[in-house]
Amino acid sequence: MMPDPQPIHILLVDDDPAENLIMRGVMKKVSSAEIHLHYCETIDDALDFIKSGKPVSMVLMDNRLQPQADFRETVPAMRQQGFIGPIGVISSSLADPYFQKFEEYGADFRIDKAELDPTAIEFILREYVTKS
């Protein structure tokens, strides 16, 4: 028998607690992996979480966090804190031109919140986390 794969720890950073509940529902439906979803409401909380040394396989970062920061500030802050794993920027609109340059800010991928279903999560995990 194959040993169980390691659980995948995903850190969701979103200033809307409702998104945490929605993502928990989505993650429960992902059958290919055991996912532990951690949630931070602010970039400061997320930086503390990374600093704490708790395991994080991947970060899903809301594009805009209150008060005004967007991923062009928050993703570099995560990188400066030493997080080297994949960071995905999630947004309800990817139309803004600056999304074309997301890689320049240290993000690995971007995805529309409307597309974050179990199939998309499994694809992202295969592409960026498990790489098996």
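As shown above, the structure is provided for reference.
Below, the structure is looked at part by part. Just so it is clear, the structure is predicted and the values come from calculations on it, not from any experiment. (Residues numbered from 1 in each chain as written. Predicted model: local features only at pLDDT ≥ 70, side-chain atom pairs only at ≥ 80, totals over all residues. Heavy atoms only, no water.)

Some remarks on the pattern of salt bridges
And then number 1: The tally for this structure, following the rule as stated, stands at six salt bridges.
And then number 2: Between D14 and K113 there is a salt bridge whose closest N-O contact spans 3.1 Å. Of this pair, D14 sits in the loop between β1 (8-13) and α1 (17-28) while K113 sits in the loop between β5 (109-112) and α4 (118-130), and the two are 99 residues apart along the sequence.
And then number 3: Taking relative accessible area as the criterion, K113 reaches 21% and is therefore assigned partly exposed.
And then number 4: With a closest N to O distance of 2.7 Å, D70 and R72 form a salt bridge.
And then number 5: Overall, D70 belongs to the buried group, its relative accessible area being 5%. (Salt bridge = Lys/Arg side-chain N within 4 Å of Asp/Glu carboxyl O. Helix = DSSP H or I, 4+ residues; strand = E, 2+ residues; numbered from the N terminus. Buried < 20%, exposed > 50% of the residue type's maximum accessible area, 1.4 Å probe, protein only.)

Observations concerning the packing of aromatic side chains
And then number 1: As enumerated under the stated definition, the model contains two aromatic pairs in all.
And then number 2: Where F71 meets Y105, the ring centres are 5.7 Å apart and the plane angle is 85 degrees; that geometry is what we call edge-to-face. Remark: Y105 occurs in the loop between β4 (87-91) and β5 and F71 occurs in helix α3 (residues 71-80); sequence separation between them is 34 residues. (Phe/Tyr/Trp six-rings, centres within 6.5 Å; stacked < 30°, edge-to-face > 60°.)

A short note on the nonpolar core
And then number 1: The biggest cluster of nonpolar side chains holds 22 residues, and the ones touching the most others in it are L11, V59, M61 and M78.
And then number 2: Among the secondary structure elements, those contributing two or more residues to this core are β1, α2 (43-51), β3 (58-62), α3 and β4.
And then number 3: A per-element tally of this core places α2 first, with five residues.
And then number 4: Once you skip the residues sitting within four places of it in the chain, L11 turns out to touch H38, Y39, C40, A46, F49, I50, V56, M58, V59, L60 and M78.
And then number 5: Membership of the second largest hydrophobic core comes to 20 residues, among which are V26, V30, M58 and A120. (Core = buried A, V, L, I, M, F, W, Y, C linked by side-chain atoms within 4.5 Å. Contact = heavy atoms within 4.5 Å.)

Structural notes on the pairing of β4
And then number 1: Across the five residues of β4, five count as buried, placing the element largely inside the fold.
And then number 2: Neither face of β4 is open: one carries I87, V89 and S91, the other G88 and I90, and all of them are buried.
And then number 3: One ladder, built from four bridges, connects β3 with β4; its direction is parallel. Note on β4: the bridge partner recorded for M61 is V89.
And then number 4: Relative to β5, β4 is paired through four bridges, and the arrangement is parallel. Within the sheet, the bridge partner assigned to G88 lies in β5 and is F109. (Pairing = 2+ DSSP bridges.)

Focus on the packing of α2 against α3
And then number 1: For the pair α2 and α3, the least separation of the axes is 10 Å and the interaxial angle reads 20 degrees. As judged from the angle between their axes, α2 and α3 are roughly parallel. You can see that α2 and α3 cross each other, and the crossing is right-handed. Here α2 contributes I43, A46, L47 and I50 to the contact with α3, which in turn contributes T74, A77 and M78. (Axes fitted to C-alpha atoms, helices over the stretch in contact; angles between N-to-C directions. Parallel < 35°, antiparallel > 145°, perpendicular 65-115°, else oblique. Left-handed = near helix turned anticlockwise from the far one by under 90°.)

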